[in-house]
Amino acid sequence: MKEEIIRVKNLVKKFGSFTANDNLTFDVYKGEVFGFLGANGAGKTTAIRILSGLSSPTSGKLNVAGFDVYTETEKIKKNIGYMSQKFSLYEDLTVAENIRFYAGIYGISPKRRKEKMGELLKKLEMEKAKNKLIAGLPLGWKQKLAFSVAVFHEPKIVFLDEPTGGVDPVTRRKFWDMIYEAANDGITVFVTTHYMDEAEYCDRVSIMDAGKIEALDTPAKLKEKYNAKDMDEVFLRIARASPNPSEGGGQETITNE
Ligand SMILES: Nc1ncnc2c1ncn2[C@@H]1O[C@H](COP(=O)(O)OP(=O)(O)OP(=O)(O)O)[C@@H](O)[C@H]1O
């Protein structure tokens, strides 16, 4: 039996008279890798911020990891991890300082933190970079570390908002190995991406356009339904460019390299 770990019913988020999330209804199952796709400005980050307890919905019924998004945001924050392309690590702190900082936020004991930090640095092959400032690290390393820090406290769900932006395909593939590893450990992965090859790696994919979910299914079923050879074709049939290019809009689908 599939168990819903995220339940969203009729989510509406308005900014003034503008509707960024227009009546979204969907569930995410425990342990799945759920792709949350849409063109720039479709409303993905807005929904992720709400699901992470960082912003309030205008209306709708939402439950994340067993907690209500209106009244139990602190509990939600303890049970999730969050990584965005724009905000993740502190550039002016070292690798070890960042790990310590996030472990502290999530209430991990110093003993456990020490053990886990050793394991993590070994796994990432970053033992020698332990005392280096984040600012000087290659982007691919930063992303791997940001992801590891986001799941350091073994959350039930990790939200990844465009985690692989700007890195080469090989680094992206390696990043996805880490995503699968987390999913195998039982962490539900909720991920946004503009890379359509990554959409193929997801168990299920939702595609948003102008604040609405236009399609939601497995990549195989979506390709069948839209008679498309790949997810890039599916995406282009569904998603349009943002209506307001000054808000970072415009189509930005990145196809398979
Ligand atoms: N705080 C805010 N106030 C007003 N409008 C906002 C606010 N936050 C987001 N928006 C608008 O809501 C819409 C959806 O934005 P959102 O960032 O959720 O899109 P997105 O799908 O994540 O896009 P991208 O792929 O570019 O990250 C955009 O038109 C954006 O300008």
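Sequence order as written defines residue numbering, which begins from 1 separately in each chain. At least 70 in pLDDT is required for a residue's local features to be given in this predicted model, at least 80 for side-chain atom pairs to be given and counted, and no such filter applies to totals for whole chains, interfaces and linings, which use all residues.

Engineer: I'd like to hear about the pairing of strand E4 (residues 59-64), residue by residue, with values.
Structural biologist: For two strands to be treated as a pair, DSSP must find at least two bridges joining them. Runs of H or I in DSSP of at least four residues are treated as helices and runs of E of at least two as strands, each being numbered from the N terminus. Across five bridges, the pairing between strand E1 (residues 4-15) and E4 is antiparallel. Directly across from Val 8, in E4, lies its bridge partner Leu 62. With two bridges joining them, E4 and strand E5 (residues 67-68) adopt antiparallel strand pairing. For Val 64, the partnering residue across the bridge sits in E5 and is Phe 67. What sits between the antiparallel neighbours E4 and E5 is a turn of two residues, in which Ala 65 has the positive phi angle 55°.

Engineer: Quick rundown of the site of the ligand? Include the residues and the values.
Structural biologist: Placing a C-beta atom from the backbone of each residue, we mark the residue near a molecule or strand if the atom is within 6 Å of it. Around the ligand sit 13 residues in total, of which Phe 15, Asn 40, Lys 44, Thr 45 and Thr 46 are the nearest. Put simply, the parts of the chain that give the shell around the ligand at least two residues each are strand E2 (18-29) and helix H1 (44-51). The biggest single contributor to the shell around the ligand is H1, with three residues. Think of it as three bins: nonpolar holds Ala, Val, Leu, Ile, Met, Phe, Trp, Tyr, Cys and Pro, charged holds Asp, Glu, Lys and Arg, and polar takes everything else, Gly as well. When the residues that make up the shell around the ligand are grouped by side-chain class, the tally is four nonpolar, seven polar and two charged.

Engineer: Can you tell me about helix H5 (residues 139-150), naming the residues and giving the values?
Structural biologist: Here, expected helix span is obtained from the residue count minus one, scaled by 1.5 Å. Between its terminal C-alpha atoms H5 stretches 16 Å, which fits the 16 Å expected from 12 residues at 1.5 Å a residue. Three or more residues of H5 are buried, namely Gln 143, Lys 144, Leu 145, Ala 146, Phe 147, Ser 148, Val 149 and Ala 150. Looking at the buried side of H5, the elements it contacts are strand E6 (80-84), helix H3 (95-105), helix H4 (110-123), strand E7 (157-161) and helix H6 (169-184). Burial is judged by counting the other C-beta atoms within 10 Å of a residue's own C-beta: 20 or more makes it buried, 12 or fewer makes it exposed, and any count in between marks it as partly exposed, with every C-beta position built from the backbone. By the criterion used throughout, residues are in contact when their C-beta atoms, derived from the backbone, lie within 7 Å.

Engineer: How would you summarise the sheet that holds E7 if you had to cite specific residues and measurements?
Structural biologist: Pairing within the open sheet is mixed, and its six strands lie in the order E6-E7-E8-E3-E9-E10. This sheet does not close on itself; its edge strands, each paired only once, are E6 and strand E10 (212-217). Each strand of the sheet is rotated relative to its neighbour by a mean of 15°, with strand direction disregarded. Of the pairings in the sheet, the one linking strand E3 (residues 33-38) to strand E8 (residues 188-192) comprises three bridges and is parallel in character. Bridged to Phe 34 within E8 is Phe 190. A fitted line through C-alpha atoms represents every axis, and for helices the fit uses only the stretch in contact; the resulting angles, taken between N-to-C directions, go from 0 to 180 degrees. Contacting E3, E7, E8 and strand E9 (204-209), H1 crosses the sheet at an angle of about 155° to E7.

Engineer: Which residues make up the sheet that holds E2, and what values do they have?
Structural biologist: The strand order across the open sheet formed by four strands is E2-E1-E4-E5, and the pairing between neighbours is antiparallel. In the strand order of this sheet, the two ends are held by E2 and E5, each with one partner. Strand contacts of H1: E1, E2 and E4, with the helix running at about 120° to E1, the strand carrying the most contacts.

Engineer: Residues and numbers for the packing of H5 against H6, please.
Structural biologist: The N-to-C vectors of H5 and H6 enclose an angle of 10°; their axes lie 11 Å apart at closest approach. Regarding the angle of H5 to H6, the classification is roughly parallel. Taken together, the residues of H6 that come into contact with H5 (itself represented by Gly 140, Gln 143, Lys 144 and Phe 147) are Thr 171, Phe 175 and Met 178. Class assignment for the residues of the contact of H5 with H6 results in three nonpolar, three polar and one charged. Comment on the angle field: the value is read as roughly parallel under 35 degrees, roughly antiparallel over 145, roughly perpendicular from 65 to 115, and oblique elsewhere.

Engineer: Give me the lowdown on the environment of Lys 44, citing residues and values where you can.
Structural biologist: Tracing the sequence through the fold places Lys 44 in helix H1. With 168 residues separating them in the primary sequence, Lys 44 and Lys 212 have C-alpha atoms 9.9 Å apart. In contact with Lys 44, not counting residues within four places along its chain, are Phe 36, Gly 38, Thr 192 and Met 208.

Engineer: Requested: an account of the packing of H3 against H4, with residues and values cited.
Structural biologist: One way to put it is that H3 packs onto H4 with a least axis distance of 11 Å and a crossing angle of 135°. Here H3 is positioned oblique relative to H4, judged by the angle of their axes. Along this stretch, H3 crosses H4, giving a crossing that reads as right-handed. Mapping the contact onto sequence places Ala 96, Ile 99, Arg 100 and Ala 103 in H3 and Arg 113, Met 117 and Leu 120 in H4. Handedness of each helix crossing follows the sense of rotation of the near helix against the far helix: counterclockwise by less than a right angle gives left-handed, clockwise gives right-handed.

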